[in-house]
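One letter stands for each residue in the lines below.
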Amino acid sequence: MDGFTLVKYKKHSKLKRYNKEAHSYANNDDLVDIDVCKQQIIDCKVELSDSLFLKQLVALLLHSLSCVSRCCTFNEEDFVKNKDFKDIVSYGIGSLANSKTARYQFSLLLLLKEKLEVNTYLFDPILSLKEQLLIEELGVDVIQENEECKRKVSENTIFLMLHCGESLYNNLLWSNWGPSLRHIFLIGNSFSSYYTRLTSEVIKKKAWYINE
């Protein structure tokens, strides 16, 4: 995999610069009513906050974390005292202004941030400037470079990648192949689904690490 280039990244507390690719694909800011978008996100968050889905997802994440630590048990009270997730990174969430699905997924990101008390990061090249500013206002850091999902981690990190293709999953696995792989917790597509949609040749060419 020598052809890959790892993109380095930096954390920015405020939006000081914007990725050129994001600008070229971003929605027209004049068409984005950010106040309406913000209220829609709040409504989605309220709806999800007491949902069975959220409770089951958090329980699954905590159980997975306990299994990584080789105790494979789950006691919520113990976890509250010993949180061990560092970050949540979301890729390819979509346009918050134009997609109800994107707003629900972003609301899920906000709720996980609150429940797990972790740093949260997000990147999607189609986000408009107004959307990026709103995301920052709501406490999520917008990633300034297109990492192509090649972020390498050394601590337990949740990746929210519900709309990403096989090549992006492959990039994430490639970047963390080895000891770092145990620190990755994926919320996304089932890898087995690619075997029903793609030929073995395509998988070997575009998703070699998924195949492994």
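Residues numbered from 1 in each chain as written. Predicted model: local features only at pLDDT ≥ 70, side-chain atom pairs only at ≥ 80, totals over all residues. Heavy atoms only, no water.

Undergrad: Whenever I open this one, the packing of helix α2 (residues 34-49) against helix α5 (residues 100-116) confuses me. Can you help?
TA: Geometrically, a packed helix pair is captured by the angle between its two axes and the distance between the axes. The interhelical angle for the contact between α2 and α5, taken along N-to-C directions, is 60°, at an axis separation of 8 Å. Considered as vectors, α2 and α5 are oriented oblique to each other. As for how α2 packs across α5, the hand of that crossing is right-handed. Packed against α2, whose contacting residues are Cys 37, Gln 40, Ile 41, Cys 44, Lys 45, Glu 47, Leu 48 and Ser 49, the element α5 presents Arg 103, Tyr 104, Phe 106, Ser 107, Leu 108, Leu 110, Leu 111 and Glu 114 at the interface. A breakdown of the residues in the contact of α2 with α5 according to their chemical character gives nine nonpolar, three polar and four charged. (Axes fitted to C-alpha atoms, helices over the stretch in contact; angles between N-to-C directions. Helix = DSSP H or I, 4+ residues; strand = E, 2+ residues; numbered from the N terminus. Parallel < 35°, antiparallel > 145°, perpendicular 65-115°, else oblique. Left-handed = near helix turned anticlockwise from the far one by under 90°. Contact = heavy atoms within 4.5 Å. Nonpolar A, V, L, I, M, F, W, Y, C, P; charged D, E, K, R; others polar.)

Undergrad: I keep staring at the sheet that holds strand β3 (residues 141-142) and nothing clicks. Help me out?
TA: Strand pairing in a sheet takes place through backbone hydrogen bonds and is either antiparallel or parallel in direction. As summarised here, the arrangement of the five strands in space is β3-β2-β1-β4-β5, forming an open sheet in which the pairing is parallel. In the strand order of this sheet, the two ends are held by β3 and β5 (184-188), each with one partner. Across four bridges, strand β1 (residues 87-91) lies against strand β4 (residues 157-161) in parallel orientation. When the sheet's bridge partners are listed, Ile 88 is paired in β4 with Ile 158. (Pairing = 2+ DSSP bridges.)

Undergrad: What should I look at first to understand the packing of α2 against helix α6 (residues 129-137) in this one?
TA: The geometry of α2 relative to α6 is characterised by a closest axis approach of 11 Å and an angle of 45° between their N-to-C directions. With respect to their mutual orientation, α2 and α6 come out oblique. In the crossing of α2 with α6, the sense of the turn from one axis to the other is right-handed. When α2 is examined against α6, the residues Ile 34, Cys 37, Lys 38 and Ile 41 are found in contact with a partner set consisting of Lys 130, Glu 131, Leu 134 and Glu 137. Here the residues of the contact of α2 with α6 sort into four nonpolar, no polar and four charged.

Undergrad: In this structure, what is going on with the side chain of Thr 157? I would like to understand it.
TA: By the secondary structure assignment, Thr 157 is in strand β4. You can call Thr 157 buried: its relative accessible area is 2%. At 2.9 Å, the side chain of Thr 157 forms a polar contact with the backbone oxygen of Glu 155. In this structure Thr 157 touches Asp 87, Val 89, His 183, Ile 184 and Phe 185, once residues within four positions along its chain are discounted. (Buried < 20%, exposed > 50% of the residue type's maximum accessible area, 1.4 Å probe, protein only. Polar contact = N/O pair within 3.5 Å; in protein donor to acceptor, adjacent residues only side chain to side chain.)

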